[in-house]
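# Chain and residue survey
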Amino acid sequence: RKEVEQDPGPFNVPEGATVAFNCTYSNSASQSFFWYRQDCRKEPKLLMSVYSSGNEDGRFTAQLNRASQYISLLIRDSKLSDSATYLCVVVPNSGTYKYIFGTGTRLKVLA
Amino acid sequence: SQTIHQWPATLVQPVGSPLSLECTVEGTSNPNLYWYRQAAGRGLQLLFYSVGIGQISSEVPQNLSASRPQDRQFILSSKKLLLSDSGFYLCAWITGLSSYNEQFFGPGTRLTVL
């Protein structure tokens, strides 16, 4: 089993739709979780950290489910500009400096 | 504010030629630095990370090497490039010792080996 797994997509959704991605991780001791956004041929950029209690930033909501070992990202009222690849990132253990990236989920928001 | 620079932005090199990619960080001290490679349509592969000057950890055995001659400078090198070295090379940094810190990326170098 891969350390971090994501559905590669693409997820094709109309503008205004709500879309959700999941990301599963194998190491139950994982400490930190993040979502990054990567536009075509650009570097990944931090979208949001994922906290145990869940967190929201505008139209974006991130959740952590430790029991089932997955994190999720919900995007409400999708915009054309949300089209990108979304990468989940897991830090396996405290005190390590390794950040494990998923291969990403591609989102296309259609007009 | 902190910024991270990478150069060159793009590079086309013949097989067997040497490589040197540079990454510098401004606005912070003692960052943890990383080199990743992203092949076309693939995820990010961690190549090296460094917690301080002269301290390099290698994640994948290959024909690449890394050096950190200064606190905010990280260099990726190869003596002889292979076709499989083509990809998008990204430098990243985090501050502090906590794994809760977000990682930030430079703009990347797109390398094509012919």
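In this report, the structure presented in the accompanying data block is examined. (Residues numbered from 1 in each chain as written. Chains lettered and ligands numbered in written order. Predicted model: local features only at pLDDT ≥ 70, side-chain atom pairs only at ≥ 80, totals over all residues. Heavy atoms only, no water.)

Attention now moves to the overall build of chain B. Helix and strand counts for chain B come out as 0 helices and 11 strands. Ordering the α and β elements of chain B from the N terminus gives β-β-β-β-β-β-β-β-β-β-β. The globule rule puts the C-alpha radius of gyration for 114 residues at 13 Å, and the 13 Å found for chain B is close to it. C-alpha extents for chain B along the principal axes are approximately 40 × 25 × 20 Å. Going through the 114 residues of chain B one by one, you find that 47% of them count as buried. Within chain B, contacts between residues separated by at least 24 positions form 54% of all contacts whose residues are at least 6 apart in sequence. Summed over all atoms, the accessible surface of chain B reaches about 5,300 Å², with 54% contributed by carbon and sulfur. The positive charge centre, built from 7 side chains, and the negative charge centre, built from 6, are 10 Å apart in chain B. (Helix = DSSP H or I, 4+ residues; strand = E, 2+ residues; numbered from the N terminus. Rg over C-alpha atoms; globule rule 2.2 N^0.38 Å. Buried < 20%, exposed > 50% of the residue type's maximum accessible area, 1.4 Å probe, protein only. Contact = heavy atoms within 4.5 Å. Areas by Shrake-Rupley, 256 points an atom, 1.4 Å probe, with all protein chains shown as cover. Lys, Arg positive; Asp, Glu negative; His and termini not counted. Charge placed at Lys NZ, Arg CZ, Asp CG, Glu CD.)

It is worth spelling out the overall build of chain A at this point. The number of helices and strands found in chain A is 0 helices and 11 strands. Put simply, chain A runs from its N terminus to its C terminus through helices and strands in the order β-β-β-β-β-β-β-β-β-β-β. Its C-alpha atoms give chain A a radius of gyration of 14 Å, within 12% of the compact-globule value 13 Å for 111 residues. Principal-axis analysis of the C-alpha atoms gives chain A an extent of 45 × 30 × 25 Å. In chain A, which comprises 111 residues, the proportion classed as buried is 47%. Summarising the internal contacts of chain A: among those between residues at least 6 apart in sequence, 58% fall at separations of at least 24. Summed over its atoms, the accessible surface of chain A is roughly 5,300 Å², and 46% of this surface lies on carbon and sulfur atoms. Where the 13 positive side-chain charges of chain A centre and where its 10 negative ones centre are 4 Å apart.

Pairing is possible between side chains of opposite charge, provided their charged atoms come close. A full pass over the atoms with the stated rule returns 7 salt bridges over all chains. Between A:Lys79 and A:Asp77 there is a salt bridge, with the nearest N and O atoms lying 2.9 Å from each other. The partner of B:Arg68 in a salt bridge is B:Asp71, and the shortest N-O contact between them spans 3.3 Å. Look at B:Asp71 and you get partly exposed, because its relative accessible area is 22%. (Salt bridge = Lys/Arg side-chain N within 4 Å of Asp/Glu carboxyl O.)

Turning our eyes to something else, we now look at the interface of chain B and chain A. Facing the 25 residues of chain B at the interface are 22 residues of chain A. For the pair chain B and chain A, the summed buried area comes to about 1,900 Å², and 55% of that belongs to carbon and sulfur atoms. Across the chain B-chain A interface, the total number found is 1 salt bridge. Taking the shortest distance from any N to any O, the salt bridge between A:Lys98 and B:Glu59 comes out at 3.1 Å. Linking chain B with chain A are 5 residue pairs in polar contact (both at pLDDT 80 or more). Only β4 (32-38), β5 (44-52), β9 (87-94) and β10 (104-105) of chain B provide two or more residues apiece to the side of chain B that touches chain A. (Buried area = accessible area lost by both parts, 1.4 Å probe. Polar contact = N/O pair within 3.5 Å; in protein donor to acceptor, adjacent residues only side chain to side chain.)

Moving on, we get to unusual backbone geometry. With omega at 10°, the peptide bond leading from A:Gly9 into A:Pro10 counts as cis. Mapping A:Pro10 onto the fold places it in the loop between β1 (4-6) and β2 (11-14). In this structure, the amide linkage connecting B:Trp7 to the following residue, B:Pro8, adopts the cis form with an omega of 0°. In this structure, B:Pro8 sits in the loop between β1 (3-7) and β2 (10-13). The phi dihedral of A:Gln69 falls on the positive side, at around 55°, and the residue is not glycine.

With that settled, the discussion passes to the packing of aromatic side chains. This model, assessed by the stated rule, comprises 14 aromatic pairs over all chains. Ring centres 5.2 Å apart and planes at 85° place the aromatic pair A:Phe11 and A:Phe21 in the edge-to-face group. Residue A:Phe11 is found in strand β2, and its partner A:Phe21 is found in strand β3 (residues 19-25); the two are separated by 10 residues along the sequence. Look at A:Phe11 and you get partly exposed, because its relative accessible area is 23%. Where A:Phe101 meets B:Phe105, the ring centres are 5.7 Å apart and the plane angle is 75°; that geometry is what we call edge-to-face. Of the two residues, A:Phe101 is situated in strand β10 (residues 100-101) and B:Phe105 in strand β10; the pairing between them involves two chains. (Phe/Tyr/Trp six-rings, centres within 6.5 Å; stacked < 30°, edge-to-face > 60°.)

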